[in-house]
Amino acid sequence: MTGFEGRVAVVSGAGRGIGQAICRALARRGADVVAVDIVDPVETVGMVEAEGRKAVGLTGDVSDPDDVRRIGQQVTERMGRCDILVNNAGIYPAKNVFKLDYDAWRRVMAVNLDSQFLMTKAVLDHMCEARWGRIINITSNSVGLALPGFTHYIASKMGSIGFTRALASDVASFGITVNAVGPTLSRTPGLAESVIGDGALQHVSGLQAIKRPGEAEDVVGTVLFLAGDDSAFVTGQTIMADGGLVRL
Ligand SMILES: NC(=O)c1ccc[n+]([C@@H]2O[C@H](COP(=O)([O-])OP(=O)(O)OC[C@H]3O[C@@H](n4cnc5c(N)ncnc54)[C@H](O)[C@@H]3O)[C@@H](O)[C@H]2O)c1
């Protein structure tokens, strides 16, 4: 596994949960980090600085084109480059299709999928100039599960996989790879706030080959591999870091 000294990583949804774990791990390996979140990611900034790396915390909604334009400008002004983009921000409000209205559908699509396109556009010039880049989109292993109440979520996360594959073709000649990582149900603040209870967590982890609930840190190793030099020939790929639930 290579080090990340001299690299700048931009991570969305970085204030807590999986995004925060990714920021800390990248910093521990030597990257400077831009932590982006709709809520001021002050705790994550502190964690990155505690690893001795430069940290910039930006507050904004990554589904909002104006906010993302501002985020892109801030990345340029304060870091001057972006080598690694982790599109992690996501929401998962369960709602049966009979109760799901268009606004709720659009919100999930916007936060989980539109944001990955917007954030990519915001930093892509830096990667093209450097002729090196790593884009990692966080999807979900739920795309392969029969889960009632998640039409919007699963459609957005399948969309993320499609976006990953197609984008890989467009940017490969610039030395940029694009891959997706799918966690399993994982114990994060977002999951604790959701209607997905402990019963579902135990049920899903029981189906995995590795029979324990996922933690935010379980996603980190795959992201580090895809963010480094060692994965240079891997692109358009989706890796489920999900304790082996993918085998079903
Ligand atoms: N936790 C799980 O069980 C699980 C499983 C599979 C996939 N995932 C995916 O992993 C990612 C992270 O999930 P998590 O469980 O760590 O979530 P979380 O809710 O604990 O953290 C998500 C962070 O994203 C931020 N965020 C939400 N909307 C935003 C927006 N519009 N703009 C900027 N920031 C925004 C939140 O403020 C929060 O800090 C999501 O994409 C999620 O779909 C999670």
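Residues numbered from 1 in each chain as written. Predicted model: local features only at pLDDT ≥ 70, side-chain atom pairs only at ≥ 80, totals over all residues. Heavy atoms only, no water.

A.B. asks: Would you mind going over the side chain of Arg134 in detail, with residue names and values included?
C.D. replies: Note on placement: Arg134 falls in strand 5 (residues 133–138). Despite its burial, Arg134 remains without a salt bridge, the nearest opposite charge being carried by Asp229 at 4.3 Å. Within the structure, the side chain of Arg134 is placed 2.9 Å from the backbone oxygen of Gly228, a separation counted as a polar contact. (Helix = DSSP H or I, 4+ residues; strand = E, 2+ residues; numbered from the N terminus. Buried < 20%, exposed > 50% of the residue type's maximum accessible area, 1.4 Å probe, protein only. Lys, Arg positive; Asp, Glu negative; His and termini not counted. Salt bridge = Lys/Arg side-chain N within 4 Å of Asp/Glu carboxyl O. Polar contact = N/O pair within 3.5 Å; in protein donor to acceptor, adjacent residues only side chain to side chain.)

A.B. asks: Run through the packing of aromatic side chains, naming residues and quoting values.
C.D. replies: By the definition in use, this model includes two aromatic pairs. Measuring from centroid to centroid gives 6.0 Å for Tyr92 and Tyr153, while their planes differ by 75°, and the two rings are edge-to-face. Remark: Tyr153 occurs in helix 5 (residues 151–171) and Tyr92 occurs in the loop between strand 4 (84–87) and helix 4 (102–130); sequence separation between them is 61 residues. Given a relative accessible area of 23%, Tyr92 falls into the partly exposed group. Since its relative accessible area comes to 10%, Tyr153 is described here as buried. Summarising the aromatic geometry, the rings of Phe150 and Tyr153 are spaced 5.8 Å apart at their centres and angled 70° between planes, so their arrangement reads as edge-to-face. Chaining the aromatic ring pairs together yields one cluster made of Tyr92, Phe150 and Tyr153. (Phe/Tyr/Trp six-rings, centres within 6.5 Å; stacked < 30°, edge-to-face > 60°.)

A.B. asks: Could you give an account of helix 7 (residues 198–207), with specific residues and numbers?
C.D. replies: Within helix 7, the full set of buried residues consists of Leu201, Val204 and Ser205. Relative to the axis of helix 7, the buried residues are bounded by an arc of 95° and lie together on one face. In helix 7, those exposed residues whose orientation departs by more than 90 degrees from the buried face are Gly199 and His203. For helix 7, the elements touching its buried residues are strand 7 (186–187) and helix 6 (189–193). (Arc of directions from axis to C-beta. Contact = heavy atoms within 4.5 Å.)

A.B. asks: Which residues make up the environment of Lys211, and what are the values?
C.D. replies: With respect to the helices and strands, the residue Lys211 is situated in the loop between helix 7 and strand 8 (214–215). For Lys211, a relative accessible area of 56% puts it in the exposed group. Spatially, the C-alpha atom of Lys211 lies 9.5 Å from that of Leu245, the residues being 34 residues apart in sequence. Among residues more than four places away in sequence, those in contact with Lys211 are Ser205, Gly206 and Arg247. Within the structure, Lys211 has its side chain in polar contact with the backbone oxygen of Gly206 (distance 2.6 Å). For Lys211, the side chain forms a polar contact with the main-chain oxygen of Gln208, separated by 2.7 Å.

None of the figures reported here should be taken as evidence of function without further support.
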